[in-house]
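Spelled out from the first residue to the last, the chains are:
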Amino acid sequence: MPSYIAAEAETTPLPKITVPPPAPASNSGKGLGDLPMRVVYRAVVVAAGVGILGAGVAFVVLGRGAPAPVAQGAAQQGATQQGATQQVVLPSGVASPAAVAGDVGTGGGIGTATEAVATPGLSPLSSASPLSASPQAGVSPPGVSPEPSPGSPDTAMAAALHDPRVPTLPANERELRRRPGHPAHIRGLVKDRRSGVALPRFTKSWTLAKASPFASRQVLPKVKGMSYRGLLVSCPVPIPQQATLRDTAFLAARWTLNHHPSGATITWTASQPMKAGKREGWLLGYTVHYTVKGKKRTSAAALALVDVPDRKPAVVFVTIPDSQKKRWRDINAVMSSVKAL
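Residues numbered from 1 in each chain as written. Predicted model: local features only at pLDDT ≥ 70, side-chain atom pairs only at ≥ 80, totals over all residues. Heavy atoms only, no water.

K.L.:
Looking at this structure, how should I read the overall build of the protein?
P.N.:
In terms of regular secondary structure, the protein is built from six helices and 12 strands. In the protein, buried positions account for 38% of the 341 residues. At a minimum sequence separation of 6, the contacts of the protein that also span at least 24 residues come to 60%. Of the roughly 20500 Å² of accessible surface on the protein, a fraction of 59% belongs to carbon and sulfur atoms. (Helix = DSSP H or I, 4+ residues; strand = E, 2+ residues; numbered from the N terminus. Buried < 20%, exposed > 50% of the residue type's maximum accessible area, 1.4 Å probe, protein only. Contact = heavy atoms within 4.5 Å. Areas by Shrake-Rupley, 256 points an atom, 1.4 Å probe, with all protein chains shown as cover.)

K.L.:
Is there a simple way to explain the pattern of salt bridges in this structure?
P.N.:
Between side chains of opposite charge, pairing is possible as soon as their charged atoms come close. The final tally for this structure, using the stated rule, is six salt bridges. For Arg254, the salt bridge identified is with Asp163, shortest N-O distance 2.7 Å. Of this pair, Arg254 sits in helix 5 (residues 245-255) while Asp163 sits in the loop between helix 4 (153-161) and strand 3 (186-192); the two residues are 91 residues apart in sequence, bridging distant segments of the chain. Asp163 gets classed as buried once you look at its relative accessible area, which sits at 3%. In this structure, Arg279 engages Asp307 in a salt bridge whose closest nitrogen and oxygen atoms are separated by 2.8 Å. Of the two residues, Arg279 sits in strand 9 (residues 279-292) while Asp307 sits in the loop between strand 10 (295-306) and strand 11 (314-321), which places them 28 residues apart along the sequence. Asp307 gets classed as partly exposed once you look at its relative accessible area, which sits at 25%. (Salt bridge = Lys/Arg side-chain N within 4 Å of Asp/Glu carboxyl O.)

K.L.:
Explain the nonpolar core here, please?
P.N.:
Nonpolar side chains tend toward joint burial in soluble globular proteins. Of all hydrophobic cores here, the largest spans 34 residues; its most connected members are Phe250, Trp268, Leu284 and Tyr286. For this core, the secondary structure elements donating two or more residues are helix 4, strand 7 (231-236), helix 5, strand 8 (265-276), strand 9, strand 10 and strand 11. Contact partners of Leu284, with chain neighbours within four places excluded, come to Leu169, Ala249, Phe250, Ala253, Trp268, Ala270, Ser271, Ala301, Ala302 and Leu303. Leu232, Met274, Leu283 and Ile320 belong to the second-largest nonpolar core, a separate cluster that totals 28 residues. (Core = buried A, V, L, I, M, F, W, Y, C linked by side-chain atoms within 4.5 Å.)

K.L.:
Mind showing me how you'd approach the sheet that holds strand 4 (residues 197-202) here?
P.N.:
In any sheet, the strands associate via hydrogen bonds between backbone groups, in a parallel or an antiparallel arrangement. Overall, antiparallel pairing links the three strands, which are arranged 3-4-12 in an open sheet. Taken across any chain shown, the strands that pair with only one partner, and hence form the sheet edges, are strand 3 and strand 12 (339-340). Across five bridges, the pairing between strand 3 and strand 4 is antiparallel. The residue of strand 4 that forms the bridge with Val190 is Leu199. (Pairing = 2+ DSSP bridges.)

K.L.:
Explanation requested: the packing of aromatic side chains in the structure shown.
P.N.:
Where two aromatic rings form a pair, the distance of their centres and the angle of their planes describe that pair. Counted according to the given criterion, the structure contains five aromatic pairs. For the ring pair Phe214 and Trp255, a centre distance of 6.4 Å and an interplane angle of 75° mean the geometry is edge-to-face. Here Phe214 is found in the loop between strand 5 (207-208) and strand 6 (216-219), whereas its partner Trp255 is found in helix 5, with 41 residues between them in sequence. For Trp255, a relative accessible area of 6% corresponds to the buried category. Within the aromatic cluster, the residues linked to one another by ring pairs are Phe250, Trp268 and Tyr286. (Phe/Tyr/Trp six-rings, centres within 6.5 Å; stacked < 30°, edge-to-face > 60°.)

K.L.:
Would you take a moment to explain the pairing of strand 6 for this structure?
P.N.:
Put simply, side chains in a regular strand alternate between the two faces of the sheet. Residues Ser216 and Gln218 of strand 6 are buried on one face, and the alternating residues Arg217 and Val219, pointing to the opposite face, are buried as well. Bridge analysis of strand 5 against strand 6 gives two bridges, and the strand direction is antiparallel. From the neighbouring strand, Thr207 faces strand 6, where its bridge partner is Val219. When strand 6 meets strand 7, the two strands line up antiparallel, connected through four bridges. From the neighbouring strand, Ser216 faces strand 7, where its bridge partner is Ser234.

K.L.:
Which parts of the structure should I look at to understand the side chain of Thr287?
P.N.:
Within the element layout of this structure, Thr287 appears in strand 9. Among the residues examined, Thr287 registers a relative accessible area of 18% and is labelled buried. Ignoring sequence-local partners within four residues, the contact set of Thr287 consists of Thr265, Ile266, Thr267, Thr269, Thr298 and Ser299.

K.L.:
It is not clear to me how the sheet that holds strand 8 should be interpreted in this structure. Could you clarify?
P.N.:
Taken in spatial order, the seven strands of this open sheet run 5-6-7-11-10-9-8, and their pairing is antiparallel. Edge positions in the sheet fall to strand 5 and strand 8, since each has one partner strand and no second. This element, helix 5, spans strand 7, strand 8, strand 9, strand 10 and strand 11 of the sheet and lies at about 25° to strand 9. (Axes fitted to C-alpha atoms, helices over the stretch in contact; angles between N-to-C directions.)

K.L.:
How should I be thinking about helix 4 in this particular structure?
P.N.:
Given 3.6 residues to a turn, an α-helix orients residues that are three or four positions apart in the same direction. Within helix 4, seven of the nine residues are buried, leaving the element largely enclosed by the surrounding structure. Taken together, the buried positions of helix 4 are Asp154, Thr155, Ala156, Met157, Ala158, Ala159 and Ala160.

K.L.:
Mind showing me how you'd approach the packing of helix 4 against helix 5 here?
P.N.:
Running from amino to carboxyl end, helix 4 crosses helix 5 at an angle of 60°, the nearest separation of the two axes being 11 Å. Between helix 4 and helix 5, the angle is such that the two are oblique. Of the two possible hands of crossing, helix 4 and helix 5 adopt the one that is left-handed. Two secondary-structure elements touch here, helix 4 through Ala156, Met157, Ala159 and Ala160 and helix 5 through Asp247, Phe250, Leu251 and Arg254. Residue composition of the contact of helix 4 with helix 5, by class: six nonpolar, no polar and two charged. (Parallel < 35°, antiparallel > 145°, perpendicular 65-115°, else oblique. Left-handed = near helix turned anticlockwise from the far one by under 90°. Nonpolar A, V, L, I, M, F, W, Y, C, P; charged D, E, K, R; others polar.)

Structure, rendered in structure tokens:
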């Protein structure tokens, strides 16, 4: 058979492949899988933004009108401080931020001294190193010194420097002048072991009296028509101790106004260092001016502040009114006889 005939012989036909048509969709709309991914991402971001915005609006609306706890506490603290500062007035009539209650005794005088706190940061009377500020709770703002607490040395000195009843001490030392007359008879010493000092025990004119609230007390007889008489006492210093004996003596002299008639003022007559045995001390002499029953009167007074080992300094204080001025010489006898035990 020729080769061309063999080439045209019948062959087995290949099977026909048929692709079935897609099944009809159950929903007429497109599913999430049919959407492009960029469209899905945009929808998620928009939904999250709307949710955050709604939460912020709700927080602002619900929180409006309710003060924050910190702000409310600060406002209440400020109101409390403002109310406290409006209740204190200096002796000169100027408002002051704080006050310290004065020491009030019951012996000798009928007046009561009021101590008010002045602007802190004032220099003390002496040229000694300035007093350190009292420790305060909390931290002060930068550049602002803490305000002294009531009863601290700084507060007491600031109040004294602004007290119109008590002038500042003279810059130069002044000796206690000798009073005319003869001193009262002395029989031994009064040993005040609580204060750590000894002072003369006068006889005849002076009598021992109940010591409280002092550690020792001697008095002159009462004068007819007068509610005030001579007084000699000793006790541990009843005011905050200062950096120097001189400053402490100044505050102690101010305290003695509690034992003079109300409204009394001081004029200095002496300010000098002293020796009380082997111990150092400071002596102040002064005249006290006051009015009794419309008449101006005076008292001669002196105070010795004695350094006592291992305890507060001791105060020996004597005051004699002009109605008993025959006993003014006793002031010299007391100041020259004070000794530390």
